[in-house]
Amino acid sequence: MSSDTPPSTLADAADSYSLEDQVGHLMRRANQKHLAIFAEGIKDLTPTQFAALAKLCELGAVSQNALGRATAMDGATIKGVVDRLRAKDLIISSPDQNDQRRLLLKPSAAGWDLFETLAPAAHQITKDTLAPLNEAEQTIFLLLLKKLT
């Protein structure tokens, strides 16, 4: 307890705190529901693997560092994701023509095929995740989430 905060103020704060009303708790629970929907709809890849493959299919050849930034994954996470996608033969790497020290990643033919097969399921996962909201609420919710990120 802080010596400059009256005990009654701390007690009031503790009494009024409800975990179920806290943003982090609510976001974690919403994410848990989304991940369960994702796991049911896409069994071949984890959400981070699918995100990396989808972004590679969107961007074409990019460095691992650029892919990490584009998918909001830190260096260690994107390295693991890339290693697993490479092990599944879904991505290939080749030297950058402008800088031979750097490797560029791109989807393999199998990666493209898998992404094209899974893209409809990914759209459905988004629809299923947002299903409790009406169309106007979905629009507002997505705008607000983008504002938070």
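Refer to the structure presented above.
Treat the numbers as computed from the prediction; the structure is a model and nothing was measured.

A. Region of the structure containing the overall build of the protein chain. Counting secondary structure elements, the protein chain contains seven helices and two strands. When its helices and strands are written in sequence order, the protein chain yields α-α-α-α-α-β-β-α-α. For 149 residues, the compact-globule estimate of 2.2 N^0.38 gives 15 Å, and the protein chain exceeds it by more than 25% at 21 Å. Relative to all contacts within the protein chain whose residues are 6 or more apart in sequence, the contacts with residues 24 or more apart total 48%. A total of about 10200 Å² of accessible surface is found on the protein chain, and carbon and sulfur atoms cover 57% of it. Within the protein chain, one finds 16 positive and 18 negative side-chain charges whose respective centroids are separated by 7 Å.

B. Highlighting the packing of helix α3 (residues 47-59) against helix α5 (residues 75-87). The contact between α3 and α5 brings their axes to 10 Å, and the two run at 80°. What the angle tells us is that α3 and α5 run roughly perpendicular. Mapping the contact onto sequence places Thr 48, Gln 49, Ala 52 and Leu 53 in α3 and Ile 78, Val 81, Arg 84 and Leu 85 in α5. Among the residues forming the contact of α3 with α5, the class breakdown is five nonpolar, two polar and one charged.

C. Representation of the packing of aromatic side chains in the model. What the rule picks out here adds up to two aromatic pairs. Connected via pairs of aromatic rings, a cluster forms that spans Phe 38, Phe 50 and Phe 115.

D. Here's a closer look at the nonpolar core. One finds Ile 42, Leu 45, Phe 50 and Leu 67 to be the most contacted residues of the largest nonpolar core, which totals 25 residues. At the level of elements, α3, α5 and α6 (109-130) are the ones that each hand at least two residues to this core.

E. Examining the pattern of salt bridges more closely. Inspection of the entire model under this criterion finds five salt bridges. Among the ionic pairs, Asp 83 bridges to Arg 86, the shortest N-O distance being 3.7 Å. Residue Asp 83 and its partner Arg 86 are located together in helix α5, separated by three residues, close to a single helical turn. Among the ionic pairs, Arg 102 bridges to Asp 96, the shortest N-O distance being 2.4 Å. Judged by its relative accessible area of 5%, Asp 96 is buried. Through salt bridges with shared partners, a single network forms among Lys 79, Asp 83 and Arg 86.

Cut-off values and rules
- Residues numbered from 1 in each chain as written.
- Predicted model: local features only at pLDDT ≥ 70, side-chain atom pairs only at ≥ 80, totals over all residues.
- Heavy atoms only, no water.
- Helix = DSSP H or I, 4+ residues; strand = E, 2+ residues; numbered from the N terminus.
- Rg over C-alpha atoms; globule rule 2.2 N^0.38 Å.
- Contact = heavy atoms within 4.5 Å.
- Areas by Shrake-Rupley, 256 points an atom, 1.4 Å probe, with all protein chains shown as cover.
- Lys, Arg positive; Asp, Glu negative; His and termini not counted.
- Charge placed at Lys NZ, Arg CZ, Asp CG, Glu CD.
- Axes fitted to C-alpha atoms, helices over the stretch in contact; angles between N-to-C directions.
- Parallel < 35°, antiparallel > 145°, perpendicular 65-115°, else oblique.
- Nonpolar A, V, L, I, M, F, W, Y, C, P; charged D, E, K, R; others polar.
- Phe/Tyr/Trp six-rings, centres within 6.5 Å; stacked < 30°, edge-to-face > 60°.
- Core = buried A, V, L, I, M, F, W, Y, C linked by side-chain atoms within 4.5 Å.
- Buried < 20%, exposed > 50% of the residue type's maximum accessible area, 1.4 Å probe, protein only.
- Salt bridge = Lys/Arg side-chain N within 4 Å of Asp/Glu carboxyl O.

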